[in-house]
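For reference, the chains in residue letters:
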Amino acid sequence: MSARATLGTRSETTVLRARGLCVTYGRVTALQNVDLDVSAGEVVGIAGDNGAGKSTLLRCICGDIDDARGEVWLAGKRRGPRSSPVADGRVGVVWQHLELADNLDVAANLTLGKERSPLLQSESRLHDRARAKLENLGIPIPDTSRLASSLTAAERQLLALARSVTPTPRLLLLDEPTSVLSQADSVHVEQIVRRLRAEGTTILLISHDVDQLFRLTDRIVVLRHGRLVAQLDPARSHPDELLALMAGRDAASAPRQQLTRLHGLADRLVSTDRLSPAGASAGLTLILSTLGAALGAWRLSLHVLEDDVLRCVCCVGLNAALQDAWRSIPARAADMPLVAAASGGAVVVDADAIASTRLAPYASQLEDAGIASCWAVPFSGGSELRGVIGVYRAEIGVPGSDQLDLVNLYAGYAAAALERERLLSTLTARNTVLETIRAVLQTLAGPDSLTDRITAALSIVLEAVRADQVALYTCTPGEPASCRAFAARQPTGDLVTGGEVAGDQRADAAARLAAAVASARETLDEASVTRLCMTSGRGCRLFVRPAESTILVGEWRDRIVGSDERVLLEDAGHSILLAQEREDTELARHEMAALRRSQDLQRQFLARLSHELRTPLTAIHGYASSLMQTDVTWDDASQHQFLTRISSESARMHRLVDDLLDFSVIESGVLRLRPDWVDLALVIDAARSCLAPRAAAAIDIHSEGDVPVVWADHDRLEQVMMNLMDNAVRHNPPATTVRVDVRYDGRDDVIIEVTDDGVGLSGEGGRESDAPQHAWRDPGAGAGLGLAITRGIVAAHNGALWRESANPGSRYVIRLPVESRSLVLEADDA
């Protein structure tokens with residue numbers, strides 16, 4: 001790879017060109033003859049170990065090192081010795097060690113050194129522009145008046161990034177921009193980099209995160225000891241190659257090549273085993289071919305020792321004469337290198353095969369084949385497998401230890417391929433069991449009812465064990481066995497379950513199995529959880545008891561159940577038991593949650609009751625005690641005042657108790673409505689007439705002519721409207737007017753709006769169905785429950801209540817259905 005980095009440019013326009021950059025610090029050379037070209041819109045990564053010269057390269061580009069030698073062109077213009085492209089906005093930089101002014105706020109840091117005018121700037125405009133820039137970049141620093149010293153490390157890093165792109169530079173230099181960031185913040189920075197790249201910004205990125213370089217860059221240049229040693233195309237390279245270059249090794253190093261070959265070999269072996277009838281033979285050919293490519297030797301053989309014969313099971317590159325000669329070698333030919341290695345278990349090498357006395361019988365064939373040296377490497381496997389791999393080369397010599405290690409590695413693959421065929425049938429049978437259990441577990445974890453899930457699971461088990469019937473019974477002491485789920489195979493071969501079997505057919509099958517279960521219960525004690533019983537003819541029944549009160553039974557009419565099928569039925573029984581226990585646990589959890597919620601509601605209700613009752617009781621007690629004092633004589637006016645207050649507080653307590661009772665009914669979910677066809681105009685007028693004269697006089701009612709009657713509870717709606725109108729008057733100045741509008745939305749709902757022109761309520765306007773309760777509090781009555789009661793009554797009518805800002809004042813909107821189906825059904829039930 002060339003030391004000049006120019007590969008894969010995205011544009012004809014060169015934004016950065018560096019030639020012959022050199023920097024020395026005393027005797028230490030930080031950069032040495034570095035050439036670098038970066039085109040417009042390109043993202044170039046700079047990689048290297050610590051001390052490789054990455055940050056020094058950025059400082060040279062910025063003109064930050066006075067003694068640097070070489071030339072730097074930016075956008076076709078040569079940078080002068082004292083010019084600063086950072087100061088004039090052509091280059092933006094984020095240094096690894098952030099350069100922020102800690103005594104300045106966020107906005108000042110963004111514009112420091114980049115002021116548009118030497119005159120004083122508007123503080124508000126400065127912060128507005130800073131907020132707009134941060135929001136545009138998606139940086140979560142809403143308060144631009146915070147000092148930089150108060151920011152977190154992540155916020156400081158993001159602020160430095162924002163500063164470097166304010167205004168957007170032609171070239172952006174990033175020195176470890178995510179080194180101190182969390183994963184989420186690092187993803188945010190990468191998104192900003194991608195966005196700037198899409199907008200055409202040219203970027204140089206220094207990072208120790210190899211994966212990040214491969215994600216973001218178009219090209220990666222590698223620095224080592226101040227030299228630009230290589231460059232990589234991320235789309236065609238692997239991170240291991242970059243790490244090798246950073247460590248000073250060849251990118252195409254042997255370990256990675258061998259790993260690639262091994263991965264390819266494994267993939268091809270899997271594919272061959274699945275598609276080829278002779279999977280083992282084809283797999284051995286692949287192994288030898290791949291080993292030959294790794295060693296650079298194209299003639300190999302694989303022999304297996306069987307009885308007293310070394311038999312060739314696979315060979316690559318051998319001519320017909322050698323294949324015939326080595327097809328079957330007697331084990332008594334102990335001097336033959338292949339036999340000696342297979343029998344003795346040690347590597348045998350003939351560095352000069354033609355001159356070797358052990359290969360003298362085959363000298364002519366070896367010479368004709370162009371073989372000069374021979375290695376014999378033994379291997380072994382399970383089931384007393386012993387074999388040998390022969391490697392034949394055209395050069396005289398001995399193999400290196402790494403080459404022998406490679407042969408041993410591939411020999412392990414060969415042994416595995418030979419063993420694979422023997423194990424394949426066993427694994428296939430076991431895999432059927434595992435797949436069935438997986439399907440059963442997935443079915444039992446489904447959303448249906450537990451009985452339906454168990455029935456579906458039994459259908460899967462029935463197919464897997466090839467039974468005629470499978471059933472699950474619940475056994476209660478002193479009672480007959482009860483069939484909980486059932487699956488059977490019809491004479492036609494169709495699969496049927498408990499819910500699909502015809503009545504008489506299912507009853508006969510269930511009765512027959514129930515009688516068998518009743519008989520087997522006596523023998524299924526604690527020491528025996530399974531039992532196999534023979535039936536008439538050649539059939540059998542298998543009973544599995546996963547729990548004391550549960551028995552799973554399978555029936556085969558014309559054969560004996562196998563061991564794998566027996567294990568499968570036992571596993572299915574335990575899986576069903578676990579599903580039952582999980583269902584019971586979930587039910588208990590829901591009951592406990594409901595109990596805790598009930599207890600919390602009780603505590604909240606009692607706390608609210610104690611608080612709300614204390615105020616009127618205290619007032620009544622105070623005035624009554626004053627009247628009962630024997631040493632004080634009250635005049636008639638004072639006595640009348642005291643009695644009036646006692647009466648008003650008593651009335652207040654009466655209203656409070658009514659509210660508490662209504663609230664309790666609503667909270668407990670037992671609010672009963674008496675629906676009938678109701679004229680809303682009459683309801684609202686009746687509610688207004690129940691108010692105090694001053695309040696009634698302030699309310700103006702407007703109802704459109706096409707408003708239909710609604711199916712609702714007249715008294716409860718009157719209570720809702722009284723609460724809304726009374727609070728609209730009570731919580732506003734005396735001159736406030738209230739307007740009630742009733743209209744039909746033209747579909748299925750009626751809209752009621754209660755609007756006042758008073759001071760309104762605190763908080764922002766907008767639709768709110770859960771406004772704070774204190775917004776409805778009546779200082780005179782002290783109830784504080786109006787919202788909860790009103791909302792509960794509206795919700796019981798399947799309606800909705802929310803608050804809107806009227807500016808000035810407030811508006812409360814009720815949406816009621818003309819005819820709620822649930823209320824109609826309740827009325828019919830009543």
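Residues numbered from 1 in each chain as written. Predicted model: local features only at pLDDT ≥ 70, side-chain atom pairs only at ≥ 80, totals over all residues. Heavy atoms only, no water.

Secondary structure summary: the protein chain contains 22 helices and 29 strands in total. Within the protein chain, buried positions represent 44% of all 830 residues. Contacts in the protein chain between residues at least 24 apart in sequence constitute 62% of all its contacts with a sequence separation of at least 6. Accessible surface for the protein chain amounts to roughly 42400 Å². Of this, 51% is attributable to carbon and sulfur atoms. (Helix = DSSP H or I, 4+ residues; strand = E, 2+ residues; numbered from the N terminus. Buried < 20%, exposed > 50% of the residue type's maximum accessible area, 1.4 Å probe, protein only. Contact = heavy atoms within 4.5 Å. Areas by Shrake-Rupley, 256 points an atom, 1.4 Å probe, with all protein chains shown as cover.)

Applying the stated criterion across every chain yields a total of 35 salt bridges. In this structure, the salt-bridge partner of R358 is D350, at a minimum N-O distance of 3.0 Å. Residue classification places R358 among the partly exposed positions, given a relative accessible area of 31%. Since its relative accessible area comes to 6%, D350 is described here as buried. For R453, the salt bridge goes to E583, with nearest N and O atoms at 2.9 Å. Placement of R453 in helix α14 (residues 450–465) and of E583 in helix α16 (residues 563–627) is noted, with a sequence separation of 130 residues between them. Since its relative accessible area comes to 8%, R453 is described here as buried. (Salt bridge = Lys/Arg side-chain N within 4 Å of Asp/Glu carboxyl O.)

Tracing the chain through its elements places Q469 in strand β17 (residues 469–474). Classification of Q469 by relative accessible area gives buried; the value is 1%. There is a polar contact of 2.6 Å between the side chain of Q469 and the side chain of E555. (Polar contact = N/O pair within 3.5 Å; in protein donor to acceptor, adjacent residues only side chain to side chain.)

Under the criterion given, the structure shown has five aromatic pairs. Where W326 meets Y362, the ring centres are 5.6 Å apart and the plane angle is 75°; that geometry is what we call edge-to-face. Separated by 36 residues along the polypeptide, W326 in the loop between α10 (320–325) and β13 (328–330) and Y362 in the loop between β14 (348–350) and α12 (363–369) bring together distant segments of the chain. Like Y362, W326 is buried. Put simply, the rings of W326, Y362 and Y392 touch in pairs and so form one group of aromatic residues. (Phe/Tyr/Trp six-rings, centres within 6.5 Å; stacked < 30°, edge-to-face > 60°.)

Glancing now at a nonpolar patch on the surface. A cluster of nonpolar side chains, namely L532, M534 and I560, defines an oily patch on the protein surface of about 270 Å² accessible area. Note on placement: L532 falls in strand β20 (residues 530–534). Exposure remark for L532: the relative accessible area of 33% places this residue in the partly exposed category. (Patch = residues over 30% accessible without salt bridge, like charges linked within 9 Å, V, L, I, M, F, W, Y side chains within 5 Å.)

Interaxial distance between helix α20 (residues 714–730) and helix α21 (residues 786–796) falls to 10 Å at its minimum, and their mutual angle equals 140°. Taken as a pair, α20 and α21 cross one another with a handedness that is left-handed. Side by side, α20 and α21 meet where R716, Q719, V720 and N723 of the first sit next to G786, I789, T790, I793 and V794 of the second. Considered class by class, the residues forming the contact of α20 with α21 number four nonpolar, four polar and one charged. (Axes fitted to C-alpha atoms, helices over the stretch in contact; angles between N-to-C directions. Left-handed = near helix turned anticlockwise from the far one by under 90°. Nonpolar A, V, L, I, M, F, W, Y, C, P; charged D, E, K, R; others polar.)

A few words now on the pairing of strand β2 (residues 28–39). Relative to β2, strand β1 (residues 14–25) runs antiparallel, the two being bridged by eight bridges. Bridged to L21 within β2 is V34. Connecting β1 to the next strand, β2, in antiparallel fashion are two residues, including G26 with a positive phi near 70°. (Pairing = 2+ DSSP bridges.)

Orientation of helix α18 (residues 680–689) relative to α20, taken along the N-to-C sense of each, is 55°, at an axis distance of 8 Å. By the angle class used here, α18 and α20 are oblique. Crossing of α18 over α20 shows right-handed handedness. For the pair α18 and α20, contact is made by L680, V683, I684, A686, A687 and R688 and by H714, L717, E718, M721, M722 and M725, respectively. Tallied by class, the residues present in the contact of α18 with α20 amount to nine nonpolar, one polar and two charged. (Parallel < 35°, antiparallel > 145°, perpendicular 65-115°, else oblique.)

A separate point is unusual backbone geometry. Leaving glycine out, the prevailing phi sign among residues is negative, and the prevailing peptide bond configuration is trans. Going from T166 to P167, the amide bond is cis rather than trans, its omega being -10°. Its place among the elements puts P167 in the loop between α4 (153–164) and β7 (171–175). Of note, the phi angle at A75 is positive, near 55°, even though the residue is not glycine. Within the fold, A75 resides in the loop between β4 (69–74) and β5 (77–78). Exposure remark for A75: the relative accessible area of 41% places this residue in the partly exposed category. Here R466, not a glycine, exhibits a phi torsion of approximately 55°, which is positive. If you trace the backbone, R466 turns up in the loop between α14 and β17. By relative accessible area, which is 54% here, R466 ends up exposed.

So, about the sheet that holds strand β16 (residues 385–393). Strand order in this open sheet of six strands is β13-β12-β11-β16-β15-β14, and the pairing throughout is antiparallel. Two strands bound the open sheet, and with one partner strand each, they are β13 and β14. Ignoring which end each strand starts from, the neighbouring axes of this sheet average 25° apart. Pairing between strand β12 (residues 309–316) and β13: three bridges, direction antiparallel. Across the sheet, R311 pairs through a bridge with S328, a residue of β13. The sheet contacts of helix α11 (residues 337–344) involve β11 (299–306), β12, β13, β14, β15 (373–381) and β16, and relative to β16 the element is tilted by about 145°.

Looking now at α21. With eight of its 11 residues buried, α21 lies for the most part within the structure. The complete set of buried residues in α21 reads G786, L787, A788, I789, T790, G792, I793 and V794. One or two steps after α21, the chain reaches N798, where phi turns positive at roughly 60°.

Turning our attention to the confidence of the model for the protein chain. When pLDDT is averaged along the protein chain, the result is 80, and 84% of the positions lie at 70 or above. When the criterion is pLDDT under 50, residues 1–11 qualifies, and its contacts beyond four places in sequence or with other chains add up to 35 contacts. Across residues 763–783, where pLDDT falls below 50, the model places 52 contacts with residues more than four positions away in sequence or in other chains. (pLDDT = per-residue confidence, 0-100.)

The strand order across the open sheet formed by six strands is β6-β7-β8-β3-β9-β10, and the pairing between neighbours is mixed. The strands lining the two open edges of the sheet, one partner per strand, are β6 (91–94) and β10 (227–232). Each adjacent strand pair in this sheet contributes to an overall mean axis angle of 20°, direction not counted. Helix α7 (residues 239–246) rests against β3 (43–47), β9 (219–224) and β10 of the sheet, and its axis sits at about 25° to β9.

It is worth spelling out α11 at this point. Every buried residue of α11 is listed here: P337, L338, V339, A341 and A342. In this structure, the buried side of α11 is in contact with β11, β12, β13, β14, β15 and β16. Downstream of α11 by a residue or two, G345 has a phi angle that is positive, lying close to 70°.

Attention shifts here to the pairing of β20. Across five bridges, the pairing between β20 and strand β21 (residues 540–547) is antiparallel. Within β21, the residue paired with T530 across the bridge is V544. In this antiparallel pair of consecutive strands, β20 and β21, the connection spans five residues, and G537 shows a positive phi of 85°.

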